Amino acid sequence: MSQNLLEIRNLAVHFPIKEGLFKKTTNYVKAVNDLSLTVRKGETLGIVGESGCGKSTLARAILGLNKPTSGDILFEGESILDYNPKQMHQLRRDIQMVFQDPFTSLNPRMPIGEIIAAPLKAYKTTVNVEQRVKELMELVGLKPEYYHRLPHEFSGGQRQRVGIARAIALEPKLIVCDEPVSALDVSVQAQVINLLEDLQKELNLTYVFIAHDLSVIKHIADKVAVMYLGKVMETAERDSFYQSARHPYTNALLSAIPLPDPEKEKKRERIVLQGDLPSPANPPTGCVFHTRCPKAQPICKEKLPRLEQMEEEHFVSCFFPIEEEQKRALNT
Ligand SMILES: Nc1ncnc2c1ncn2[C@@H]1O[C@H](COP(=O)(O)OP(=O)(O)OP(=O)(O)O)[C@@H](O)[C@H]1O
Ligand SMILES: [Mg+2]
């Protein structure tokens, strides 16, 4: 078994809610709440969940930008929470991020060549910055002659290529992609995902790939984790995940992906979840999903299910995981 590059252990990131004249802390937004995950070197972990379930908070914690309330984050086997400023400086080089909106994450007044050059200059890694930037531009499919153009002269997909070139400039070990294709047209989404896949092979990269939608990460992820209110509901290797998901929440998310075959699509049962996502400031008792779960029983309201192992690499946090036979019935 290959080595874990990243290990997240029982991580919690809670933001205080301050109210009144004296800004007293009255409650906490439990954005990430007792979450554990591992990512092996060279693999892609896809993380999926509804808006507000804590995906970006988790991403920022991995980058050392959000201070955890409790738990631990290990990078190459060492806790990053104990890092001194010098180690933090190195970590910022080893872990890079690609953002959702390539327009707001790129300085509109800076030529794209300069944007890509910024990390190289900050870390003084190369003598010939311009030549290295042009190499990077070619690597991500941008013409080097565009060096002096401004971000607004590019399409969304091209701008995301600039963001990717900037992220790979320092040859990082891990890239956290926070919804990198959500703002792009479907046809462009595939091109950007293909580029990320090619770069992964070429540069031996490891990805944490965050998405709203399970169809986006189906091809790129080696492992998938589903988040709900700051917790992992289910995590598994890609094939096991898409073929035999066990959590009722995962099944609801999977049932929302359109099937390519219209005949199957007609017969397929859509699971529509009732109610809204509860507030992460006041999550439900017991299983946090019980208020919307079609299979909830009294125990789900009272007790918190643990992430239990179903098969190798397949973990589910549910008292009543869906059985194999039922699963097959749902698919036909
Ligand atoms: N700095 C902060 N201070 C207070 N609350 C915050 C802060 N950052 C995030 N939150 C809250 O934490 C919760 C999780 O937010 P987060 O941005 O991590 O969700 P997300 O899963 O990335 O959502 P989206 O899919 O919309 O990007 C939300 O309720 C959000 O309002
Ligand atoms: Mg987000």
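Scroll up to find the structure.
What you see as residue numbers is a count from 1 along each chain, following the sequence as written. Chains and ligands are labelled sequentially in the order written, the chains with letters from A and the ligands with numbers from 1. Residues qualify for local features only when their pLDDT is at least 70, as the model is predicted, and side-chain atom pairs are given and counted only at 80 or more; totals for whole chains, interfaces and linings, by contrast, use all residues. The side-chain quantities take in all heavy atoms of the structure and omit both hydrogens and water.

**Considering the nonpolar core**
Argument step 1. Membership of the largest hydrophobic core comes to 62 residues, with the highest contact counts inside it found for Phe-209, Leu-214 and Ile-217.
Argument step 2. In this text, helices come from DSSP runs of H or I with a minimum length of four residues, and strands from runs of E with a minimum of two, each type numbered from the N-terminal end. Ranked by residue count, the leading element in this core is helix H6 (residues 186–203), at 6 residues.
Argument step 3. Taken domain by domain, the makeup of this core includes at least three residues from each of domain 1 (40–64 + 83–221) and domain 2 (233–332).
Argument step 4. For this analysis, residues touch if any pair of their heavy atoms sits within 4.5 Å. Those residues in contact with Phe-209, other than ones at most four positions away along the chain, are Thr-44, Leu-45, Gly-46, Ile-47, Cys-177, Pro-180, Ile-193, Leu-196, Val-216, Ile-217 and Ile-220. Joining through side-chain atoms within 4.5 Å is the link that ties buried Ala, Val, Leu, Ile, Met, Phe, Trp, Tyr and Cys residues into a set, and such a set is a nonpolar core. Note on exposure labels: buried denotes an accessible area under 20% of the residue type's maximum, exposed denotes more than 50%, and partly exposed covers the range between, all computed with a 1.4 Å probe on protein chains only. Just so you know, the domain bounds were taken from an automatic or database domain assignment.

**A few points about the site of ligand 1**
Argument step 1. The criterion for a residue being near a molecule or strand is simple. One of its heavy atoms has to lie within 4 Å of it. In the vicinity of ligand 1 there are 14 residues, among which Ser-51, Gly-52, Lys-55, Ser-56 and Thr-57 approach most closely.
Argument step 2. Polar contacts here mean pairs of N or O atoms no more than 3.5 Å apart (in protein, one a potential hydrogen donor and the other a potential acceptor; neighbouring residues in sequence count only if both atoms are side-chain atoms). Take Lys-55: an N or O atom from its side chain is 2.8 Å from an oxygen atom of ligand 1.
Argument step 3. Here Ser-56 contributes a side-chain N or O atom positioned 2.8 Å from an oxygen atom of ligand 1.
Argument step 4. Here, Shrake-Rupley sampling with a 1.4 Å probe gives the accessible areas, and only protein chains in the shown set may cover a residue. When the free accessible area of ligand 1 is taken as 640 Å², the share hidden by the protein chains comes to 61%.
Argument step 5. Residue assignment for the shell around ligand 1 shows that the elements contributing at least two residues are strand S2 (24–40) and helix H1 (55–62).
Argument step 6. Per element, the largest residue contribution to the shell around ligand 1 is 3 residues, and it comes from H1.
Argument step 7. All residues other than Ala, Val, Leu, Ile, Met, Phe, Trp, Tyr, Cys, Pro, Asp, Glu, Lys and Arg, Gly among them, are scored as polar; the first ten of these are nonpolar and the last four charged. Here the shell around ligand 1 is built from residues that sort into 5 nonpolar, 6 polar and 3 charged.

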